[in-house]
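Examination of the molecular architecture
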Amino acid sequence: MDKIRNLSLRKTIVLYMGISLILSFIFSALVIRGANQIQQTIWWKYIDQEKYIQAIESETAAEEIPSYTAKIARPALDKMTGVDRRVSELCDFLDTYAVLVISFACCVGAVFLFYKNKLKYPIEELKMASRRIGENDLDFHITYENRDEMGELCREFECMREQLSENTLRLWRNIEEEKMLKASIAHDIRSPLSVLRGYQEMLKEYLADQNADMENALQMVCESEKQIQRMDVFVETMRKMSGLDKRELKSEKITGVQLEKEIRAETDIFEKQYEKSCILVVDEIQGDFYGDKEIILEVMENLLSNALRYAKEKVEIHLSVTEEMVRLCVQDDGSGFGKEKDRLTEPFYQQNIKDSLKHTGLGMYISRLYCEKHGGKLLLENKKEGGAFVQAIFCRTK
């Protein structure tokens, strides 16, 4: 049954029509034979039965092949009763048109069965799917699974539904992130502006006094300059973020050895900058990966700089490169992530408020966006022995 159910539409209609024609010929033969027998029975009433029996006996008794065949003669219609006449005429009709009528009926039946078994259910599924998509309801599944043309169409429609659902979820997430981003922007700009306004008011009152200590005034100016620098960093970060969605992936061939070399060069720079140990461990290199090397390195830099800020002495980087995936694991020996670990990939979120003077809290957020843009994901965990553990996964783009 599975083979028949999964036949293509063309083969199925040929099978149904072939079976219907065979059945129509069998039924036609049975109907014609039955009609002839009924007609013979009616005619038997209106003939000289003794002469017919004698003719049969004479035909049987002949030694050679007889020159005639005895048959029941057709009586005149006016000699038959009304019922016998109508039944005889019906038998004539069946004898002449039974093949045509029964063949047409079997073909119509084959068409209806073909529609019921091969088209009705998938068409209803597709109509339901189209209606619900039109109502912006994507929480459903198309369950028709036959391996024929309609099954393939349903599977393509299901893929389209999944893609629409994914795009809708991504759109809603972008809207929510945009709302949160606007709120964070308002908060982060308001803070340095409030500090600058306070220093300005203090300087006005302080410098009006002729006995003012210029050293304290200079300190206020220096603190104001720090807030200006903080705003410069913030504006530059916003400029960078505005180009995230527009940035397109540049797929290029990346060898494991090449990626290892460039990451090792980055770790040497970070070691000198933070005066902490950076250990690169290559877990696996199998084949060449196709992806955006600049994005991978930028995510690595974000994760490494973040780990070095919280590490006590060292940071380990584990690299795995295959034809289908690049995996970067960064772990440190610090205190690990706090209770609000899931919020670390939100824009402008910082565990330590003191970091806001130098860092905008966008490193993890940008890294997550880049991983997702590359078909992967960013995973954050705490090691059992202590310290943070971050995995950045990038999937092949070509």
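The preceding data block contains the structure.
Residues numbered from 1 in each chain as written. Predicted model: local features only at pLDDT ≥ 70, side-chain atom pairs only at ≥ 80, totals over all residues. Heavy atoms only, no water.

As for the nonpolar core
The condition that has to hold: Nonpolar cores were defined as sets of buried Ala, Val, Leu, Ile, Met, Phe, Trp, Tyr and Cys residues, with membership established by side-chain atoms within 4.5 Å. For the exposure calls, accessible area comes from a 1.4 Å probe over protein chains only, and a residue counts as buried if that area is under 20% of its type's maximum, exposed if over 50%, partly exposed in between. Strands here mean DSSP runs of E at least two residues long; helices mean DSSP runs of H or I at least four residues long; both are numbered from the N terminus. Contacts: residue pairs with any heavy atoms within 4.5 Å of one another.
In this structure, Leu259, Leu328 and Phe394 are the most contacted members of the largest nonpolar core, which totals 39 residues. For this core, the secondary-structure elements that each account for two or more residues are α7 (256-274), β2 (277-285), α8 (293-310), β4 (314-321), β5 (325-332), α9 (363-373), β6 (377-382) and β7 (388-395). In terms of residue count, the dominant contributor to this core is α8 (nine residues). Apart from residues lying up to four places away in sequence, leucine 259 is in contact with Ile254, Lys293, Ile296, Leu297, Leu319, Val321 and Val326. Residues Leu9, Tyr16, Ala129 and Phe157 belong to the second largest nonpolar core, which totals 16 residues.

Examining the packing of aromatic side chains
Basically, it comes down to this: Pairing of aromatic rings covers Phe, Tyr and Trp, the last through its six-membered ring, and needs centres within 6.5 Å; plane angles under 30 degrees mean stacked, over 60 mean edge-to-face, and all others mean tilted.
In this structure the tally under the stated criterion is four aromatic pairs. Relative to tyrosine 144, the ring of tyrosine 121 has its centre 5.9 Å away and its plane inclined at 45 degrees; by these criteria the two rings are tilted. Highlighted residues: tyrosine 121 in helix α4 (residues 82-134) and tyrosine 144 in the loop between α4 and α5 (149-208), separated in sequence by 23 residues. Overall, tyrosine 144 belongs to the buried group, its relative accessible area being 6%. Relative to tyrosine 274, the ring of phenylalanine 270 has its centre 6.2 Å away and its plane inclined at 20 degrees; by these criteria the two rings are stacked. Taken together, the residues span about one helical turn, with phenylalanine 270 and tyrosine 274 both in helix α7 at a distance of four residues.

What to know about α7
Note the following rule: Expected span of a helix: the number of residues minus one, times 1.5 Å. The arc in question is traced by the directions running from the helix axis to the C-beta atoms.
The first and last C-alpha atoms of α7 sit 26 Å apart over 19 residues, in line with the 27 Å expected at 1.5 Å per residue. For α7, the complete set of buried residues consists of Gly256, Leu259, Ile263, Glu266, Thr267 and Phe270. In a view along the axis of α7, the buried residues occupy a sector of 110 degrees, so they form one face of it. Along α7, the residues that are exposed and aim more than 90 degrees away from the buried face are Val257, Lys261, Ile269 and Lys272. Tucked into the core, α7 has its buried residues touching β1 (252-254), β2, α8, β4 and β5. Once α7 finishes, glutamate 275 follows within two positions and takes phi at roughly 60 degrees, a positive value.

Quick look at the pairing of β7
The cut-off we apply is this: Strand pairing requires that DSSP identify at least two bridges connecting the strands.
The element β7 is largely enclosed, with a buried count of seven among its eight residues. Sheet topology note: the β5/β7 ladder contains seven bridges and is antiparallel. Across the sheet, residue valine 326 finds its bridge partner in β7, namely phenylalanine 394. Alignment of β6 against β7, held across six bridges, turns out to be antiparallel. Bridge pairing links leucine 379 to glutamine 391 in β7. Turn length for the β6-β7 hairpin, with the two strands adjacent in sequence and antiparallel, is five residues, and the turn residue glycine 386 shows positive phi of about 105 degrees.

Let's talk about the pattern of salt bridges
This is how it is decided: The salt bridge definition used is simple: a Lys or Arg side-chain nitrogen within 4 Å of an Asp or Glu carboxyl oxygen.
Under the defined criterion, the tally for this structure stands at eleven salt bridges. One salt bridge in this structure joins lysine 118 and aspartate 148, with 2.8 Å as the shortest N-O distance. Residue lysine 118 is found in helix α4, and its partner aspartate 148 is found in the loop between α4 and α5; the two are separated by 30 residues along the sequence. The closest approach of N and O atoms between arginine 132 and aspartate 137, which form a salt bridge, is 2.7 Å.

Observations concerning the packing of α8 against α9
Just so we agree on the cut-off: Comment: axis = line fitted to C-alpha atoms, over the contacting stretch for helices; angle = value between 0 and 180 degrees taken between N-to-C directions. Any angle between 65 and 115 degrees counts as roughly perpendicular, while under 35 counts as roughly parallel, over 145 as roughly antiparallel, and the rest as oblique. Two helices cross in a left-handed way if the nearer one is turned anticlockwise from the farther one by less than a right angle. They cross in a right-handed way if the turn is clockwise. Note that Gly is not counted as nonpolar here; it falls among the polar residues with everything else outside the nonpolar set of Ala, Val, Leu, Ile, Met, Phe, Trp, Tyr, Cys and Pro and the charged set of Asp, Glu, Lys and Arg.
Look at α8 against α9: their axes get within 9 Å of each other, and the N-to-C directions meet at 150 degrees. Of the possible angle classes, the one that applies to α8 and α9 is roughly antiparallel. As for how α8 packs across α9, the hand of that crossing is left-handed. Counted together, Ile295, Glu298, Val299, Asn302, Leu303 and Asn306 of α8 and Gly363, Met364, Ile366, Ser367, Tyr370 and Cys371 of α9 form the full contact between these two elements. Looking at the contact of α8 with α9 residue by residue, the class counts come to seven nonpolar, four polar and one charged.

Quick word on the environment of glutamine 229
Of note, glutamine 229 is situated in helix α6 (residues 214-242). Classification of glutamine 229 by relative accessible area gives partly exposed; the value is 44%. Along the backbone, glutamine 229 and proline 192 are 37 residues apart, and their C-alpha atoms lie at a distance of 9.6 Å.

A closer look at the environment of asparagine 302
Structurally, asparagine 302 can be placed in helix α8. The class of asparagine 302 is buried, set by a relative accessible area of 18%. A C-alpha to C-alpha distance of 8.5 Å links asparagine 302 and isoleucine 366, two positions 64 residues apart in sequence. Contact partners of asparagine 302, with chain neighbours within four places excluded, come to Gly363, Ile366 and Ser367.

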